[in-house]
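Each chain, written out:
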Amino acid sequence: MTKFYGHAADSSSHQYYLLLEYCNSDLHKLMLRRKVLSESEAEKIIWHIFHAQHDLSLHKIIHRDLKPGNIGLHFDGLDSQQAKVDDFCQKFDFVSNDGSYHIKFFDLGFSELADKNGFGSNSYSGTPLYSSPEQLRGDFQTHNSDIYSIGCILFQLLTGRRPFSGKSRAEVIESQKRKICSSEFNPPISLRTFQLIK
């Protein structure tokens, strides 16, 4: 569980601070160092993120800004990693079966509660290059919007690049019209992992 130690405010600058548990890395920094992860490494990280996202969905929470910079990694040793998804408010914890990995969601600043039908708002928030088409269009979002973002992260873990490009929401929407092909993965990936991305 991500620990919250307290908060502070600087009245002269009108800045507020939260004191949280230290996390010594994040997925974005790992990707900058490694560029591409092996399929087994990427799958392990993604499955833990899926489980944590499922925990959010059980609480009817849509994250709306899943991206590598919001997934913290804490390395305790060679075989131990903790991943924490960054975005204040509520805390969710997923512990792997063997207890060696922990994914923790915290700081859910763009998140929102889904209604009884599973829909969030139709307002846009998030990071365009990881946002789902419905999110970019400003349509109602569901937990599938978060799953789409996880697929974008998996693509990037395996190729070293984002699946779509663009400098504006409109350009990203246009870029999302292209189909992702299995030939984009070098080395090739399994059909199972390719299906996860699609």
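Every value quoted in this text rests on a predicted model; they were computed, and no experiment measured them.

Here is what the cut-offs are and how they apply
Residues numbered from 1 in each chain as written. Predicted model: local features only at pLDDT ≥ 70, side-chain atom pairs only at ≥ 80, totals over all residues. Heavy atoms only, no water. Helix = DSSP H or I, 4+ residues; strand = E, 2+ residues; numbered from the N terminus. Polar contact = N/O pair within 3.5 Å; in protein donor to acceptor, adjacent residues only side chain to side chain. Contact = heavy atoms within 4.5 Å. Expected span 1.5 Å × (residues − 1). Buried < 20%, exposed > 50% of the residue type's maximum accessible area, 1.4 Å probe, protein only. Salt bridge = Lys/Arg side-chain N within 4 Å of Asp/Glu carboxyl O.

Engineer: Can you explain the side chain of Ser145? Please cite residues and give values.
Structural biologist: Within the fold, Ser145 resides in helix α4 (residues 143–159). Within the local environment of Ser145, its side chain forms a polar contact with the side chain of Ser132, the two groups lying 3.4 Å apart. Look past the residues within four positions of Ser145 in its chain and what remains in contact with it is Ser132, Glu134 and Gln135.

Engineer: Describe helix α2 (residues 39–58), and please don't skip the residues or the numbers.
Structural biologist: The end-to-end C-alpha distance of α2 is 28 Å, a good match for the 28 Å that 20 residues give at a rise of 1.5 Å each. Looking only at α2, the buried set comprises Ala42, Glu43, Ile45, Ile46, His48, Ile49, Phe50, Ala52, Gln53, Asp55, Leu56 and Ser57. Where α2 terminates, the next one or two residues include Lys60, which has phi positive at roughly 60°.

Engineer: Break down the pattern of salt bridges for me, citing the residues and quoting the values.
Structural biologist: All told, the structure shown has seven salt bridges when counted by the stated rule. Across the pair Glu41 and Arg34 runs a salt bridge, and its minimum N-O distance is 2.7 Å. The partly exposed category is assigned to Glu41, whose relative accessible area is 31%. Across the pair Arg192 and Glu43 runs a salt bridge whose closest N-O atoms are separated by 2.3 Å. With Arg192 in helix α6 (residues 191–197) and Glu43 in helix α2, this pair connects stretches of sequence that are 149 residues apart. The class for Arg192 is exposed, based on a relative accessible area of 51%. The class of Glu43 is buried, set by a relative accessible area of 10%. One continuous salt-bridge network, built from bridges that share partners, spans Arg161, Arg178 and Glu184.

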